[in-house]
Amino acid sequence: MSETRWVVLGRIVGHHGLRGELKLYSYTEPPEQIFSYRAWRLRATDGRETELQRVDGKRHGKALIISLPEVLDRDAAAVWMDAEIGVARDALAPLPEGEFYWADLEGLEVITLEGVSLGRVSHLISTGANDVMVVRDSERERLLPFVPGQWVQQVDVAAGRIVVDWDPAF
C-alpha cells in the first residue's frame, strides 16, 4: 500500500473575527476551487497535522474564510496560523497532454540539450507573462522561463527530468 502524496494548495494567513474563523490564501485558480476538495490536511508550523473532511468556507470580499471543526475562538484558531493546506495528489483532476501541475515539476532535474545538468526545480513562480522555474544546484540558482516549445523542449515526469534549450552560463 502506497503512502498518500499531498500537494499544498493553500495557506492560512490570518484571523477573521472572534469566533475562530480563519483567512486563507488559495493557490488554486479560481481561488474558491480549493473548497471543491473534500479531504484536506492541515500542517501547522510546529509539525502538528490534522485531516479534515468538507471544510466550510466562503468568499468574504477579497478574502476566503474557513471555519474548522472544534475551533470556536481566536485562541484555538491561533494554532493553525501559517498552516499549509494540502490535498491528496490523486484528488487533482487529470490534465490534458502537455500540461502539468507545478507539484509534479518540483524536484525534477533540468538538463540542457547538450546534457548539462542545471540542477533541480525548487519551485515555480507565476509572473503573468509565463511561469518561471526556480532551478537550484549546489552552487547557484537560475530562473528559467517555463515556455514549452521555446525554452522547455521536453518534460518527462516519469524519468524525472526537463530538457531545456538554455545556456548553462546564464
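Here is a short report on the structure shown in this document. (Residues numbered from 1 in each chain as written. Predicted model: local features only at pLDDT ≥ 70, side-chain atom pairs only at ≥ 80, totals over all residues. Heavy atoms only, no water.)

### Brief notes about the overall build of the protein chain
Scanning the protein chain for helices and strands turns up two helices and 13 strands. Dimensions of the protein chain, computed from C-alpha atoms along their principal axes, come out at roughly 60 × 35 × 30 Å. When each of the 170 residues of the protein chain is scored for burial, the buried share is 36%. Considering only contacts within the protein chain whose residues lie at least 6 apart along the sequence, 50% involve residues at least 24 apart. Of the roughly 10400 Å² that the protein chain leaves accessible, carbon and sulfur atoms contribute 49%. Of the side-chain charges in the protein chain, 19 are positive and 27 negative, and the distance between the mean point of each set is 6 Å. (Helix = DSSP H or I, 4+ residues; strand = E, 2+ residues; numbered from the N terminus. Buried < 20%, exposed > 50% of the residue type's maximum accessible area, 1.4 Å probe, protein only. Contact = heavy atoms within 4.5 Å. Areas by Shrake-Rupley, 256 points an atom, 1.4 Å probe, with all protein chains shown as cover. Lys, Arg positive; Asp, Glu negative; His and termini not counted. Charge placed at Lys NZ, Arg CZ, Asp CG, Glu CD.)

### Side note on the sheet that holds strand β13 (residues 161-164)
An order of β11-β10-β9-β8-β13-β12 is seen for the six strands of this open sheet, with the pairing classed as mixed. The strands lining the two open edges of the sheet, one partner per strand, are β11 (141-146) and β12 (152-156). Neighbouring strand axes in the sheet, compared pairwise and without regard to direction, differ in orientation by 35° on average. Inspection of the sheet shows β12 paired to β13 by four bridges, in the antiparallel sense. Within β13, the position partnered with Val152 by the bridge is Val164. (Pairing = 2+ DSSP bridges. Axes fitted to C-alpha atoms, helices over the stretch in contact; angles between N-to-C directions.)

### Considering the sheet that holds strand β4 (residues 49-53)
Reading across the sheet, the seven strands line up as β4-β3-β7-β1-β2-β6-β5 and stay open at both edges, with antiparallel pairing between neighbours. Each of the sheet's edge strands pairs with one partner strand only, and the pair in question is β4 and β5 (56-60). Strand-to-strand twist of the sheet, defined as the mean angle between neighbouring strand axes without regard to direction, takes the value 35°. Where strand β3 (residues 39-43) and strand β7 (residues 84-88) come together, three bridges link them in antiparallel fashion. Residue pairing across strands places Leu42 opposite Ile85, the latter belonging to β7.

### Comments concerning the environment of Glu109
Turning to its location among the elements, Glu109 is positioned in strand β8 (residues 109-112). In this structure, the C-alpha to C-alpha distance between Glu109 and Trp80, residues 29 residues apart in sequence, is 34 Å. Not counting chain neighbours up to four residues away, the residues in contact with Glu109 comprise Ser117, Gly119, Arg120, Gly160, Arg161 and Ile162. Side-chain polar atoms of Glu109 contact the side chain of Ser117, separated by 2.8 Å. (Polar contact = N/O pair within 3.5 Å; in protein donor to acceptor, adjacent residues only side chain to side chain.)

### Things to note about the pairing of strand β2 (residues 21-26)
When strand β1 (residues 6-16) meets β2, the two strands line up antiparallel, connected through six bridges. Pairing of Gly14 across the sheet is with Lys23, part of β2. With three bridges connecting them, β2 and strand β6 (residues 63-67) associate as antiparallel partners. Bridging from a neighbouring strand, Leu22 pairs with Ile66 of β6.

### Points about unusual backbone geometry
With omega at -5°, the peptide bond leading from Glu29 into Pro30 counts as cis. Inspection of the secondary structure assignment puts Pro30 in the loop between β2 and β3. Phi at Glu70 takes a positive value of approximately 65°, unusual for a residue other than glycine. Mapping Glu70 onto the fold places it in the loop between β6 and α1 (74-78). For Asp82, which is not glycine, the phi dihedral falls at a positive 70°.

### Side note on the nonpolar core
The nonpolar side chains of a soluble globular protein tend to be buried with one another. In this structure, Ile12, Trp40, Ile66, Leu68 and Trp80 are the most contacted members of the largest nonpolar core, which totals 25 residues. Put simply, the parts of the chain that give this core at least two residues each are β1, β2, β3, β6 and β7. Once residues within four sequence positions are removed from consideration, Leu68 is found in contact with Leu22, Leu42, Leu52, Val55 and Trp80. Counting residues in hydrophobic clusters, the runner-up holds 15 residues, among them Leu105, Val121, Phe146 and Val164. (Core = buried A, V, L, I, M, F, W, Y, C linked by side-chain atoms within 4.5 Å.)

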